[in-house]
Amino acid sequence: MNTENIQDIYPLSPMQQGMLFHSLYSPESGAYIEQTFADLVGELNVDAFEKAWQTVIERNPILRTAFVWEGVDEPVQVVFVQLDFTILKEDWRQKAKNKQDKHLDDYLQKERARGFDLTAAPLMRIALFQTANDVFKLVWTHHHLLLDGWSNQLLLQELFTLYNAFENNESLDLPERPPFRLYIDWLQKQDAAKAEAFWCDELAGFSAPTPLVPGKTTAAPERTNRYDLKKKLLSAEESKALREFSKNSGITLNTLVQGAWSLLLSRYSREDDVIFGATVSGRPTDLPGVDVILGLFINTLPVRAYVDSHKKVLDWLKELQARQVGSRDFEYSSLVQIKSWCNIPGDVSLFNSILVFESFPMA
């Protein structure tokens, strides 16, 4: 690396550490290669669009970040001062619709398989394929090490704000966005002893992860590379009823979903004490400007639920929510730390299922 082009060097967040490990352990999986693709309909000013992307990269250090793990005591992320960035542009207007779709599918698969050299920034690529006079297909591929879902939306909002300004030759004075480094600094100030005490109390008596397969007595999941996909879309009426129930009951929709998942695991495993993983936003409320920082804040943590059939559902849900609120002060802890603190053997999983409840501002 050219040391003159290095702006900053600092450690990784807990989730970044985990993602880096799995990316190096299984580089061919493509599990952390994120792809966003959409049709841009209308008269696109390609020059303004490319300038907007370049400006977003210049404004946000996390987009100029690479990762180093060899020759250092612990992995670090390296922020560069400036980067060369270009957009792949191709004209597909002469191709038939079915050929366009085939080319797009092939490109998406090849991009995922191509992956990234994590030591070389930027860990993102942009492609524009023009399929009609007023339609461009945008493909944005990046590594999950850089951004979470909340950050993706913030980035897209900034991108199109800049594009509109450049397209209309308007001056724009966007406020400076706090860097991801502030979160890493915040992490290093946290009290590890308090976090250890909390998680050891939370997992006291833990012996084995809750199995997901109905009627299965062993907690060890079957390892397979095959996946099934099932979708269930709720109607507008069902969604409204759930939101209204949550609001009127003083619980979050997330708590309601976690309660349903807890009951499912309890029925499948025939156990009253169940544990599953839950992905949290990881954005600490006491860090100024945290809601607008771009970076990887999310974390996945164990959730323990005691299913008491003698309690009223709402009382039980409120207790479940209270436990989650109590864990927020320590949701920065990594699973590796939690297992080491609580003397859980390395070959024992904390959970066999993960619940991801996504709710973030859409651009």
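Refer to the preceding data block for the structure.
Here's a quick rundown of the structure. Within every chain, residues take consecutive numbers counted from 1 along the sequence as written. Only residues with pLDDT of at least 70 are given local features in this predicted model, and only at 80 or more are side-chain atom pairs given and counted; all residues enter the totals for whole chains, interfaces and linings. Note: side-chain values were computed over all heavy atoms of the structure, leaving out hydrogens and water.

Attention now goes to the packing of helix H2 (residues 46-59) against helix H4 (residues 149-167). Where H2 meets H4, the axes come as close as 8 Å, and the angle between the chain directions of the two elements is 130°. The orientation of H2 with respect to H4, classified from their angle, is oblique. The interaxial crossing formed by H2 with H4 has right-handed handedness. Note on element contacts: H4 touches H2 through Leu 155, Glu 158, Leu 159, Phe 160, Leu 162, Tyr 163, Phe 166 and Glu 167, opposite Ala 48, Phe 49, Lys 51, Ala 52, Trp 53, Thr 55, Val 56 and Arg 59. Here the axes come from fitting lines to C-alpha atoms, over the contacting stretch only for helices, and the angles between their N-to-C directions go from 0 to 180 degrees. Helix and strand assignments follow DSSP, with helices taken as H or I runs no shorter than four residues and strands as E runs no shorter than two, numbered in order from the N terminus. Angle categories are assigned with fixed cut-offs, so that under 35 degrees is roughly parallel, over 145 is roughly antiparallel, 65 to 115 is roughly perpendicular, and the rest are oblique. For any helix crossing, the convention is left-handed if the near helix is rotated counterclockwise from the far helix by under a right angle, and right-handed if that rotation is clockwise. Only heavy atoms matter for contacts: two residues are in contact if any of them lie within 4.5 Å across the pair.

Here we come to the packing of aromatic side chains. Within 6.5 Å between ring centres, the rings of Phe, Tyr and Trp (the latter by its six-membered ring) count as paired, and their orientation is classed by plane angle as stacked under 30 degrees, edge-to-face over 60, tilted in between. Tallying each qualifying case throughout the model produces 14 aromatic pairs. Ring geometry for Phe 180 versus Tyr 183: centroids 5.6 Å apart, planes at 40°, classification tilted. Pairing Tyr 183 with Trp 186 gives two aromatic rings, centres 6.0 Å apart and planes at 15°, and the pair type is stacked. In this pair, Tyr 183 and Trp 186 are both assigned in helix H5 (residues 181-188), three residues apart and thus about one turn of the helix distant. We note that Tyr 183, like Trp 186, is buried. An aromatic cluster of three or more residues is present, and its members are Phe 49, Trp 53, Trp 140, Phe 160 and Tyr 163. By definition, being over a ring means that NZ of Lys or CZ of Arg is both within 6 Å of the ring centre and within 35 degrees of the ring normal. The ring of Phe 166 is capped by Lys 51, whose NZ or CZ atom sits 4.4 Å from the centre of that ring. Here Arg 125 stacks its cationic end above the ring of Phe 116, 4.1 Å away from the centre of that ring. Each residue is placed in one exposure class: buried if its accessible area under a 1.4 Å probe, protein chains only, is under 20% of its type's maximum, exposed if it is over 50%, and partly exposed if it falls in between.

Below, the discussion takes up the sheet that holds strand S10 (residues 354-355). Note on sheets: strands pair through backbone hydrogen bonds, and any given pair is parallel or antiparallel. Two strands are counted as paired when DSSP detects at least two bridges linking them. Sheet architecture is open: three strands sit in the order S9-S8-S10, paired in mixed fashion. Whereas interior strands pair on both sides, the edge strands pair on one side only; in this sheet they are strand S9 (299-306) and S10. Where strand S8 (residues 273-280) meets S10, two bridges bridge the pair, whose relative direction is parallel. Looking at the pairing, Ala 278 lines up with Leu 355 of S10.

For the peptide bond that leads from Ala 121 to Pro 122, omega is 0°, which places it in the cis range. One can find Pro 122 in the loop between helix H3 (97-114) and strand S6 (124-132). The backbone of Asn 169 shows a phi angle near 55°, a positive value even though the residue is not glycine. Counting through the fold element by element, Asn 169 comes out in the loop between H4 and H5. The exposure class of Asn 169 is exposed, given its relative accessible area of 73%. Unusually for a residue other than glycine, Arg 270 sits at a positive phi of about 60°. Its location among the elements puts Arg 270 in the loop between helix H8 (253-269) and S8. Classification of Arg 270 as exposed rests on a relative accessible area of 73%.

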